[in-house]
Structure formats: structure tokens, C-alpha cells
Amino acid sequence: MTDTTLLQSARELDAGDAIAGYRGQFDLPPGVIYLDGNSLGALPLRTAAHLGEVVRKQWGEGLIRSWNTADWVNLPQRVGGKIAPLIGAQPHEVIACDSTSVNLFKLIAAALQMRPGRKVVLSEPGNFPTDLYMIAGLEAQGLAERRLAERARLVDALDDDVALLMLTHVHYKTGEMFDMAALTKAAHEAGALVLWDLSHSTGAVPVQLNAAGADFAVGCGYKYLNGGPGAPAFAYAAERHHDTMGQPLTGWFGHAAPFAFEDDYRPAPGMERMLAGTPPVLGLSALEQGVELVAEIGMDRLVEKSRGLSEFLRRAIAHFAPDLPCISPADPAQRGSQLSFRHENAYALSQALIARGIIGDFRDPDILRLGLAPAYIRYEDCYRAAEALGEILQTGEWERDEFMQRAAVT
Ligand SMILES: *Cc1c(COP(=O)(O)O)cnc(C)c1O
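Just so we're clear, the structure is a prediction, and the values are computed from it rather than from any experiment.

**Quick look at the side chain of Asp381**
(1) Moving on: With respect to the helices and strands, Asp381 occurs in helix 12 (residues 379–395).
(2) Moving on: In contact with Asp381, other than residues within four places in its own chain, are Arg23, Ile33 and Tyr376.

**Let's talk about the UniProt feature "modified residue: N6-(pyridoxal phosphate)lysine" (unreviewed entry) in the protein**
(1) Moving on: Following the UniProt record, the feature "modified residue: N6-(pyridoxal phosphate)lysine" (unreviewed entry) maps to Lys223 here.
(2) Moving on: Along the chain, Lys223 turns up in the loop between strand 7 (216–219) and strand 8 (233–237).
(3) Moving on: Among residues more than four places away in sequence, those in contact with Lys223 are Gly37, Asn38, Ser39, Gly41, Ser199 and His200.

**Considerations on the domain arrangement of the protein**
(1) Moving on: Each assigned domain of the protein is listed with its residue range as follows: domain 1 (4–44 + 298–403) and domain 2 (71–296).
(2) Moving on: With centres defined by C-alpha atoms, the gap from domain 1 to domain 2 works out at 29 Å.
(3) Moving on: Contacts between domain 1 and domain 2 engage 36 residues on the former and 25 residues on the latter.
(4) Moving on: Buried area between domain 1 and domain 2, both sides added, is near 2,300 Å², and the carbon and sulfur share of it is 59%.
(5) Moving on: Summed over the shared surface of domain 1 and domain 2, the result is 0 salt bridges.
(6) Moving on: The interface formed by domain 1 and domain 2 holds 15 residue pairs in polar contact (both at pLDDT 80 or more) in total.

**Comments concerning the UniProt feature "binding site: pyridoxal 5'-phosphate" (unreviewed entry) in the protein**
(1) Moving on: UniProt's entry tags Thr100, Ser101, Phe128, Pro129, Thr130, Asp131, Thr168, Asp197, His200, Tyr222, Trp252 and Thr278 with the feature "binding site: pyridoxal 5'-phosphate" (unreviewed entry), counted in the numbering of this structure. Spanning 179 residues, the annotated positions stay apart in the fold, the maximum distance between their C-alpha atoms being 30.7 Å. Checked against the lining of the largest pocket, the annotated residues reduce to Phe128, His200 and Tyr222.
(2) Moving on: Tracing the backbone through its elements, the reader meets Thr130 in helix 6 (residues 129–140).
(3) Moving on: Sequence-distant contacts of Thr130, defined by excluding residues within four places in its chain, comprise Ser101 and Leu104.
(4) Moving on: As for its placement among the helices and strands, Trp252 is situated in the loop between strand 8 and helix 9 (281–297).

**A word on a negative patch on the surface**
(1) Moving on: Residues Glu139, Glu145, Asp160 and Asp161 make up a contiguous surface patch of negative charge.
(2) Moving on: Turning to its location among the elements, Glu139 is positioned in helix 6.
(3) Moving on: Judged by its relative accessible area of 31%, Glu139 falls in the partly exposed class.

Procedures and definitions
Residues numbered from 1 in each chain as written. Predicted model: local features only at pLDDT ≥ 70, side-chain atom pairs only at ≥ 80, totals over all residues. Heavy atoms only, no water. Helix = DSSP H or I, 4+ residues; strand = E, 2+ residues; numbered from the N terminus. Contact = heavy atoms within 4.5 Å. UniProt positions renumbered as here; feature names shortened; annotations may be inferred. Domains from an automatic or database assignment. Buried area = accessible area lost by both parts, 1.4 Å probe. Salt bridge = Lys/Arg side-chain N within 4 Å of Asp/Glu carboxyl O. Polar contact = N/O pair within 3.5 Å; in protein donor to acceptor, adjacent residues only side chain to side chain. 1 Å grid on protein atoms, 1.4 Å probe; cavity = no way out; pocket = protein on both sides within 12 Å on 5 of 7 lines; lining within 4 Å. Patch = residues over 30% accessible without salt bridge, like charges linked within 9 Å, V, L, I, M, F, W, Y side chains within 5 Å. Areas by Shrake-Rupley, 256 points an atom, 1.4 Å probe, with all protein chains shown as cover. Lys, Arg positive; Asp, Glu negative; His and termini not counted. Charge placed at Lys NZ, Arg CZ, Asp CG, Glu CD. Buried < 20%, exposed > 50% of the residue type's maximum accessible area, 1.4 Å probe, protein only.

Okay, here's the thing in C-alpha cells:
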């Protein structure tokens, strides 16, 4: 059911795309349309080459000397410093370490300690599970009290008991984006601190942590930063908090002098105190390559392309599958780099698409999610995906038994 006008328009947009050439810097399998870069970013060619070098030269030949000679020891600070300009922060305010989950735990605890007499961590129901579970972990320690309020009621729920407002900037299911500056201001007016989870934002949408006055943030390395499966995450704290913040995982790498081997813990100055154990050198080396590539393309161009892609995909799906409701905000400036659609059999739909080489994903219970990583997705990919989705729905191709069996990772 080709629509030549729409296909033509996709090809024209690709021809005029200033960053189209960067697609060639990713090792994408032929014949695959990859609409899941918001879950696991694609492999940059430079990462494969660099990792080979790090493994053979730095590890194999350099052995333990490479902690100094290859500057392994500063990887968390160095990679954090390269992430900083992508999120409107200063280089010394960001450190790459641990997972997003662990960084959430450390920073929620840090914020609670800075607001004695207040225990409430305010978030929204339906926030990403790990974010909510980390509050529960601190609740079990008697340190926190969880409060959830719907998006429209968050500001009303900010009272004298709230120590921390903790939100995910771009919602992983719907793609809805919070107004970071406005909510940060409201929380501060109520005497609370704010922690933003930037997992679905970094490398995809404009983020200005400093300008918004944000206190803390975390984000993911393996989504739009293309750091590889299970890549280290990052943590941000505004400079004004560096002297007063503490964190509960007081490991030796967060010590002021790790190689003094002292019996008593003394926190390192600044973000280094957010470190716990030995930095994962291979993971950080891969992440550094992904971050450098994103920085090279530039956030302004990535944001412009992301909005263009999602607008085009929305139009194309409205054309080929007019009965499939899009639950992401209609205004591209108010959503992340994804579109989500609701369908009773969204899982089977996602499987039928994958069988055609179009990889999106499913989020329980009824959401088909299509991610648009602007660094390597083409307008024609959006056209192909929309056309296939239309065909799958029209022919009932998704109704096969094999498309109903749920895999462990959806
Ligand atoms: C992907 C994601 C995470 C991932 O956390 P991990 O510790 O890497 O598993 C956390 N929060 C949000 C909002 C995410 O989208």
C-alpha cells in the first residue's frame, strides 16, 4: 500500500538532512529498521575499534600501569565532563559511574540528608519502576516516606514535609516531558530539592540543568548516548551542593585519598564523592566513544532532527493506521524522541513488526513504543515503519500464535 507522495516527502527530508551522514558511523545491521535506540542505543563503529585497543593495548600490554598511563583512574570525571554540555551542566558537576538505579539511591539519600526534619520524596505514579523502588528501599531503612501525586497535582502536593521532588523528565511510556524549570522553581519555593531522571532525555531533547536551577540529576548511558548494554550511568549535582552533600555508599573510590588506605572515611571533594568502587574501565571506555559522537553531532541538530522525525512518523501513522491512537503529546516540543501508541494487542503488534525487521518495543499493558534516535534514523525508516504497521493491522498479520508468547525482555 505504497503512498508515493509520502514516500517522496520522506526521501526529500532525508536528502535535506544535515546530519544524515552520521548514520554511517553506526554499525547497523542491513535490512533492520531500528526504532529502539531509546532502550539500547546502536553500536558506533568507533566504539568497536576503540574497545579492541583498550583491551589489547591498555589492558593486555599496559596491565596495571594503565591506571596511570592511560588515565583509567579519571575516566568517571572525564566522561562525566563530556556529558555535562549535553545537559546544560558544568563539567565538574557530572560524573559517570554505577547504574542509574544506584545513582538514584545515592542522590535520594544525599537529598534527604540535606533536608533534616523532612522525609517525603514526592514522585508520580507510573514513574519508571526503579525510581519508585529506590524510594521504597530508603523507606525500609526508615529514611524516606514515599508520596505519589498525579502530574496535574504535583505542585499541590509540595508541602513542608517534602524533602525531594523526584521526577523522570521524559516519561518512558508516553514520551511526555515535564517543564523542568517550572517544577524545579515550585519545589524550591516549598523548600524541597529536585532530582531529575534524564534517562530518556540525554542526547535526545534539550536539557538545561543549570538554567533550570536543578539540584540533582541522573541519566542512562546505554540509551541515546550509545554506551552499550549495561553502560555506566551518570550523576549530576549542582556545584552549590558539592561541599555539603553526602552519600550512603561510602566506598574507597569516593574517599579524598583512596591510595592513602586510611581507616576512616573522608569524602573526596566535589562529584568524586559519588563514586563507590573501582570504575568499570571497559564500560566507561565504550561510553566515552558514544558520548563523543553525540557531542560531535551536536544537541541542537539532534533535537531538530528528533522533532522532524517524530512529526513525520506521526503523520505517516495517522495516514496508514488512522485508528491507532497516539498517546504521546501532539506538540513535538513537549515530548521526547519517541511516539507511543495504544492497542489491546500491542505486544503482538510489536512482534509482527520485529518479524519484518522493524524493531520497536512493547510496554505493559498495551503500549507500542517507537523510539527515534536522531543520530541514525532516517525519514524513510519512519515511512517504512508506518506502512508496515498499517499493513499488519489491516491484514491481521499480528494475530499469529507466535506473536503472543512474551519474551523475558519486551
Ligand atoms: C532506562 C531507565 C533506567 C535504567 O536504570 P538501570 O539502573 O540502568 O537499569 C532508570 N530510569 C529510567 C527513567 C529509565 O528510563
